[in-house]
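Letter by letter, the chains look like this.
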Amino acid sequence: MSLLSRAVNVPAFARTQLALLDAELQSEIRETSGLVSGASPAALQRAGLAVTNLVVASQRTGMGGRTVQELGPDGAVAVAGELPEHGLRTGDIVLASEQPAGSARKREVRDLERRGVRGVVVRIRRDAVAVAVDDDREGEGDGVAALAARVWLLKLADDVTYRRMKQTMERLRDMPDAEYSPFVRVLFGLTTPSPVPADLAADPDVGDGKVAWFDPTLNDSQKDAVRFALASREIALIHGPPGTGKTHTLIELILQLVKRGQRVLVCGPSNIAVDNIVERLAPRGVPIVRLGHPARLLPSVLEHSLDVLTRTSEAGQIVRDVRAEMDAKQASVRKARSGRERKAIYAELKELRREFRERERRCVDALVRGSAVVLATLHGAGGAQLRGERFDVVTIDEASQALEAQCWVPLLTATKAVCAGDHLQLPPTVKSANAKKKDGGKDKDKDKGKKDSKKKRPAGKGGDKGAEKNTSKDKDVEVEVGTEAEAGDVADGGSLETTLFDRLLKLHGPGVKRMLTTQYRMHDKIMRFPSDELYESRLVAADGVKARLLRDLPYGVRDTEDTSEPVIFIDTQGGDYPEKNEEEDEDGGGGGTEEDTKKKKKATIRSLFGDSKSNEMEAAVVRQHVRKLVEAGVRPEDIAVVTPYNAQLGLLAPLKESFPGIELGSVDGFQGREKEAVIVSLVRSNSEGEVGFLSEKRRLNVAMTRPKRSLVVVGDSETVRRGSKFLNNWMTWLEEHADLRYVDAASLET
């Protein structure tokens, strides 16, 4: 197929993305609104989405002139002056609102929402939570202080990301052909990438005689990837399978680019991905600045953040003086004796904010322009700090976990891009049904896992929050993009799950990619199946990791059957370990009003916790194996238990009490992580051979590539192997190469 026939119609692509992004945002808004309307504040708090019974304790001025207000527990209901149990985290977007009564009607709740104040959680202590308020509420009061005595915080969807993606897609949609840069034309297949020399090691520009490595310990595949990225004129993809040192390679590339006098914008889809790069770049002495809300950054990188640099620079002294004056004014508000006096203070605060922001803007501009490397999340690159800035190269880490529209936020500021990621692991999470991939030519291996998805979950809803929503197989959905776009125009833009990394690889082929092949995480046997099935048998385990076992841990672990085997498969096939659908607990007789009440209750429970599956006997097997590892001397903090289902995590929760430090999590949430020992609970066990989203090979790839020394798989081979060809191959491999075990159900504590 010629490049021209694969070329993407840019306006149609942008229109499609806009329609899909809108559907995704509306899905999140509906989910949040449904939760607020359908559950009490106490129920939302138990679900980890809210914290209740708060009062304003103090306030100060933060970055950008925003008011930071500290909320503590209401003394009338607090226990020992501590916050109640909750699930909010630093960096969450929240709504601070007057707390509704338990009997509040939906209309009253929506009214309270409208009067609420949005903000970002900047700090959490046992006795207080600090929120940077986005809304000044001038003329009515200031932030949360203007609300009633008792307030609550509700976690919200972050629409800032969607707003910036929308603005970027609108810019692409309206861009005339004449304004397409050579870079943009390559990214949409309108032209081919500039050729790269075949023998890069001998190339006069990037060959051995030209590149002085900052880290000479890089392996050959890493050096080749760096050379390739330096030599590429428009686009380079660095494919980094698990444990192959992808970020390590990016650091070397960034240093080489800076050495050549190029200005680099470094991005990633998450704050943690960007902060990892900051931590490794900082000791190199390169001028760097990290954009982003200080509340969302790791403490180790704060000294490189705009907030800290602004306060510590010479230009920041005047900014600090204005901030101090604002804090004094804030404190005087409560001492005001009349509404007129309070209004006058707010008028002065308004002027001070204007002066503060102008001085801060000039200080920020100077810091950003003086940095060779600027680092931000993908949507953070669309902030005011980078307006009008240009870069020679944009590097995107974890590009295969980012929405393409997100990637375009920084891409329009540069003339070259280097994307690093692994398209064979999970794509970005997508919630809305029509934002997922239309499965045009059905894969019969995938279809087997669809049956229970179709009949037990509503269209567009994943079974597990944060896990099953990633799958694109809930329903075949025709994407509607309006009458402007013809079907042929939008074929390459018809799914939010199709990432920029995926699309460029399909568009230009392997010629734009280099793969890292030496992995430094897994024992050779743990690595073997994913390497053979997914990575063309090209992965090689480094000498330092290929034979290490749990018994070799440096703190003294006994040599047992559980610590001397790298891969163990505990096969539960036989019918003694049936799965359980969480919906079954809510089923029951009755009719009329009582039936309606049950349905409503069931819907509320599903929206809070998601339909999910569990397997009590399998959980007992996992608990037994964890106990044996700890008794052999393995520290709980070196053990992780992962499963695709949140309901199974609920059954495994007692492990955290018995073994403090052990980590429990969903497979999706554990992407990018690693542990010495990982136990994977597959859960599915039924006579129909239905596996749901377990048939997604990228999800299983994540699960099987997290451990360093020990992978333990617990599952029903009879059920699982019927889910797909990939699963059948995996079960066969485990039976032939793993330490295969069967368990007597009578010996387990359930």
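Thresholds, definitions, all that
Residue numbers here run from 1 along each chain, matching the order of that chain's written sequence. Given that the model is predicted, a residue must reach a pLDDT of at least 70 before its local features are reported, and side-chain atom pairs must reach 80 or more before they are shown or counted; all residues, however, enter totals for whole chains, interfaces and linings. Only hydrogens and water are set aside; all other atoms, that is, all heavy atoms of the structure, feed into the side-chain values. Here a strand is any run of E in DSSP of at least two residues, a helix any run of H or I of at least four, and the numbering for each starts at the N terminus. In this scheme, a residue with accessible area under 20% of its type's maximum is buried, one over 50% is exposed, and one in between is partly exposed, where area comes from a 1.4 Å probe on protein chains only. For this analysis, residues touch if any pair of their heavy atoms sits within 4.5 Å. Each accessible area value is a Shrake-Rupley result obtained with a 1.4 Å probe; residue values ignore everything except the protein chains displayed when judging cover. The definitions used throughout rest on a 1 Å grid laid over the protein atoms alone, on which a cavity is an enclosed set of points accommodating a 1.4 Å probe that cannot get out and a pocket is an open set flanked by protein within 12 Å on both sides along at least five of seven lines; lining residues are those having an atom within 4 Å of a point. Grid points are joined across faces, edges and corners, and a volume is the space filled by probe spheres set on the points. Residues are grouped as follows: Ala, Val, Leu, Ile, Met, Phe, Trp, Tyr, Cys and Pro are nonpolar; Asp, Glu, Lys and Arg are charged; all remaining types, including Gly, are polar. Here, expected helix span is obtained from the residue count minus one, scaled by 1.5 Å. For the purposes of these results, a polar contact is taken to be a pair of N or O atoms within 3.5 Å, where, inside protein, one atom must be able to donate a hydrogen and its partner to accept one; residues adjacent in sequence count only when each atom of the pair is a side-chain atom. Strand pairing is assigned whenever DSSP identifies at least 2 bridges connecting the two strands. What counts as an axis is a line fitted to C-alpha atoms, over the stretch in contact for a helix, and the angles between N-to-C directions run from 0 to 180 degrees. Note on aromatic pairs: the rings of Phe, Tyr and Trp (six-membered ring only in Trp) are paired at centre separations within 6.5 Å, and the planes decide the class, stacked below 30 degrees, edge-to-face beyond 60, tilted for the rest. As used here, the term nonpolar core means buried Ala, Val, Leu, Ile, Met, Phe, Trp, Tyr and Cys residues forming a set that is joined through side-chain atoms within 4.5 Å. The term salt bridge refers to a pairing of a side-chain nitrogen on Lys or Arg with a carboxyl oxygen on Asp or Glu at a separation within 4 Å. By definition, pLDDT measures how confident the predictor is in each residue, and it falls between 0 and 100.

Bringing the overall build of the protein chain into the picture now. Broken down by element type, the protein chain carries 24 helices and 23 strands. The burial tally for the protein chain puts 56% of its 750 residues in the buried class. Sequence separation of at least 24 residues holds for 76% of the intrachain contacts in the protein chain that already meet a minimum separation of 6. Of the roughly 31600 Å² of accessible surface on the protein chain, 47% is carried by carbon and sulfur atoms.

Another point: empty space enclosed by the protein. Inspection of every chain in the model, using the stated rule, returns four cavities of 30 Å³ or more. The volume enclosed by the second largest cavity comes to roughly 40 Å³. Surrounding the second largest cavity, Lys525, Ile526, Phe529, Pro530, Val567, Met704, Leu711, Trp730, Trp733 and Leu734 form its lining. Where the lining of the second largest cavity is concerned, the elements lending two or more residues are helix 17 (524–534) and helix 24 (725–737). For the lining of the second largest cavity, the leading source of residues is helix 17, giving four residues. Classifying every residue of the lining of the second largest cavity by side-chain character gives nine nonpolar, no polar and one charged.

Given a rise of 1.5 Å per residue, 14 residues ought to cover 20 Å, and the 20 Å separating the end C-alpha atoms of helix 8 (residues 246–259) matches this to within 8%. Of all the 14 residues making up helix 8, eleven are buried; the element is thus mostly covered by neighbouring parts of the structure. Residues of helix 8 that are buried include every one of Lys246, Thr247, Thr249, Leu250, Ile251, Glu252, Leu253, Ile254, Leu255, Gln256 and Leu257, and no others. Just downstream of helix 8, glycine 261 is the residue with a positive phi angle, here 80 degrees.

We now examine the side chain of serine 685. Within the fold, serine 685 resides in the loop between strand 21 (675–681) and helix 22 (697–704). At 2.7 Å, the side chain of serine 685 forms a polar contact with the side chain of aspartate 716. Apart from residues lying up to four places away in sequence, serine 685 is in contact with Tyr577, Pro578, Glu579, Asn615, Asp716 and Thr719.

Assignment of secondary structure puts threonine 67 in strand 2 (residues 67–73). With relative accessibility at 2%, the residue threonine 67 sits in the buried group. In this structure the C-alpha to C-alpha distance between threonine 67 and valine 133, which are 66 residues apart in sequence, comes to 5.4 Å.

The two faces of a sheet get side chains in turn, since along a regular strand they alternate between them. For strand 5 (residues 129–133), the tally of buried residues reaches five of five residues, placing the bulk of the element in the interior. Side chains Val129, Val131 and Val133 of strand 5 all project onto a buried face; the interleaved residues Ala130 and Ala132 project onto the opposite face, where all are buried too. Where strand 2 meets strand 5, five bridges bridge the pair, whose relative direction is antiparallel. Paired with valine 68 across the strands is alanine 132, a residue of strand 5. Strand direction decides the pairing type here: strand 4 (residues 117–124) and strand 5, joined by five bridges, are antiparallel. Its bridge partner being in strand 5, valine 121 is matched across the sheet by valine 131. The hairpin formed by strand 4 and strand 5 contains four residues between the paired strands.

What follows is about the environment of alanine 198. Tracing the backbone shows alanine 198 in the loop between helix 6 (182–187) and helix 7 (220–231). Along the primary structure alanine 198 and phenylalanine 228 are separated by 30 residues, whereas in three dimensions their C-alpha atoms are 9.7 Å apart.

This paragraph deals with the sheet that holds strand 19 (residues 639–643). Strands sit in the order 20-19-21-22-16-23 across an open sheet of six strands; the sheet is parallel. Since the sheet does not close on itself, it has two edges, and those belong to strand 20 (663–666) and strand 23 (739–742), each with one partner. The average undirected angle you get between the axes of adjacent strands in this sheet is 20 degrees. Relative to strand 20, strand 19 runs parallel, the two being bridged by four bridges. By the bridge assignment, alanine 640 is partnered in strand 20 with glutamate 663. Running at roughly 160 degrees to strand 21, helix 19 (residues 616–631) makes contact with strand 16 (567–571), strand 19, strand 21, strand 22 (707–715) and strand 23 of the sheet.

Here the focus is the packing of aromatic side chains. Tallied over the full model, the rule gives five aromatic pairs. Between phenylalanine 529 and phenylalanine 726, the ring centres sit 5.5 Å apart and the planes meet at 55 degrees, which makes this aromatic pair tilted. Of the two residues, phenylalanine 529 sits in helix 17 while phenylalanine 726 sits in helix 24, which places them 197 residues apart along the sequence. The pair phenylalanine 529 / phenylalanine 726 is uniform in exposure class, with both members buried.

What follows concerns the nonpolar core. Membership of the largest hydrophobic core comes to 58 residues, with the highest contact counts inside it found for Met169, Leu172, Ile235, Trp408 and Leu411. Here the element with the most residues in this core is helix 2 (residues 10–38); it accounts for seven residues. Setting aside residues up to four positions removed in sequence, tryptophan 408 forms contacts with Phe13, Thr168, Met169, Leu172, Val184, Leu187, Phe188, Leu500 and Arg503. Ranked by size, the runner-up nonpolar core spans 38 residues in total, among them Leu426, Met527, Val545 and Val680.

Across all of its chains, the model carries 36 salt bridges by this definition. A salt bridge links glutamate 663 to lysine 675, with the nearest nitrogen and oxygen atoms 3.6 Å apart. Residue glutamate 663 is located in strand 20, and its partner lysine 675 is located in strand 21; the two are separated by twelve residues in the primary sequence. For the pair glutamate 663 and lysine 675, one class covers both residues: buried.

A few words on the pairing of strand 19. Of all five residues that make up strand 19, five are buried, and the element is covered over most of its length. Pairing geometry for strand 19 and strand 21, over four bridges, is parallel. Paired with valine 642 across the two strands is valine 680, which belongs to strand 21.

Quick look at the confidence of the model for the protein chain now. Here the protein chain averages 82 in pLDDT, and 80% of its residues register 70 or above. A low-confidence stretch, residues 136–142 (pLDDT under 50), is modelled with 22 contacts involving residues beyond four sequence positions or located in other chains. Segment residues 438–493 is flagged for pLDDT under 50; beyond a separation of four residues in sequence, or across chains, it makes 128 contacts in the model.

Our focus in this paragraph is unusual backbone geometry. Among all residues save glycine, negative phi is the norm, and among peptide bonds the norm is trans. At glutamate 536, a position not held by glycine, the phi torsion is positive, near 55 degrees. Among the structural elements, glutamate 536 can be located in the loop between helix 17 and strand 15 (540–541). Phi is positive for serine 537, which is not a glycine, with a value near 60 degrees. Topologically, serine 537 is positioned in the loop between helix 17 and strand 15. Assessed through its relative accessible area of 42%, serine 537 is described here as partly exposed.

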